[in-house]
Amino acid sequence: MGRLFFITLEGGIYSCKHCHVHLGVAEDIISKSFHCRHGKAYLFDQVVNITVGEKEERMMMTGLHTVVDIFCVGCGSIVGWKYETAQEKTQKYKEGKFILERFKVLGPDGSNYLGSPEAEVGGSDADDV
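Everything numeric in this text was worked out from a predicted model, so none of it was measured.

Visitor: I'm lost on the nonpolar core in this one. Help?
Guide: The tendency in soluble globular proteins is for nonpolar side chains to be buried side by side. Tyr14, Phe44, Val79 and Leu100 are the most contacted members of the largest nonpolar core, which totals 14 residues. Taken together, the elements giving at least two residues each to this core come down to strand E1 (13-16), strand E4 (39-44), strand E6 (63-72) and strand E8 (98-101). Residue contacts for Leu100: discarding those within four places in its chain leaves Tyr14, Leu23, Ala41, Tyr42, Phe44, Val47, Ile70, Val79 and Val105. Counting nine residues, the second largest nonpolar core, distinct from the first, contains Cys36, Leu43, Met60 and Trp81.

This is the structure in structure tokens:
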């Protein structure tokens, strides 16, 4: 395996909670009203230092989506997913966008989000955007 190169971000940085590799900046957040199995999730316009998994169809609260899981390149932990396609017209704005699960990342102030015990176990998606 070769040497890993990471992109270093400036500003309000969200990073992997396991290895602290930078993933995204606060300025790229589109919405903070998304939810996942562990609680809150944020929709980002772009993220860095990730690899993607296999495409799969997932039924979420707002309909059927084709998504790929995204993994931290530093440690391999799953940190969220990327929307590849949305079936519903009203959900097309998500295509090409990324979800970072707050439970799996550190916030700009270094804080760790603790998931809520009442978090849903089913499909993940936005309440409303």
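Still more ground to cover, so stick around.
Visitor: For this particular structure, what's the right way to read the pairing of strand E3 (residues 29-36)?
Guide: When a strand is regular, its side chains alternate between the sheet's two faces. Pairing analysis gives five bridges linking E3 to E4, with the strands arranged antiparallel. By the bridge assignment, Cys36 is partnered in E4 with Gly39.

Visitor: Would you mind showing me how to read the environment of Thr90 here?
Guide: Mapped onto the elements of the fold, Thr90 is located in the loop between strand E7 (78-86) and E8. Reaching out from Thr90, the side chain makes a polar contact with the side chain of Gln91 at a distance of 3.3 Å.

Visitor: When you look at the pattern of salt bridges in this model, what are you seeing that I'm missing?
Guide: Once the charged atoms of two side chains with opposite charge are near each other, the side chains can pair. Using the criterion set out here, one finds six salt bridges in the structure. Between Lys82 and Glu84 there is a salt bridge, and its shortest N-O distance comes to 3.9 Å. Overlapping salt bridges, with partners in common, bring together Glu56, Arg58 and Asp69 in one network.

Visitor: Which parts of the structure should I look at to understand the sheet that holds E1?
Guide: Where strands meet in a sheet, backbone hydrogen bonds hold them as pairs that are either parallel or antiparallel. An order of E2-E1-E9 is seen for the three strands of this open sheet, with the pairing classed as antiparallel. Edge positions in the sheet fall to strand E2 (22-25) and strand E9 (105-106), since each has one partner strand and no second. The pairing of E1 with E9 spans two bridges and is antiparallel. The residue of E9 that forms the bridge with Ser15 is Leu106.

Cut-off values and rules
- Residues numbered from 1 in each chain as written.
- Predicted model: local features only at pLDDT ≥ 70, side-chain atom pairs only at ≥ 80, totals over all residues.
- Heavy atoms only, no water.
- Core = buried A, V, L, I, M, F, W, Y, C linked by side-chain atoms within 4.5 Å.
- Buried < 20%, exposed > 50% of the residue type's maximum accessible area, 1.4 Å probe, protein only.
- Helix = DSSP H or I, 4+ residues; strand = E, 2+ residues; numbered from the N terminus.
- Contact = heavy atoms within 4.5 Å.
- Pairing = 2+ DSSP bridges.
- Polar contact = N/O pair within 3.5 Å; in protein donor to acceptor, adjacent residues only side chain to side chain.
- Salt bridge = Lys/Arg side-chain N within 4 Å of Asp/Glu carboxyl O.

The quantities given are spatial measurements derived from coordinates; they are silent on function.
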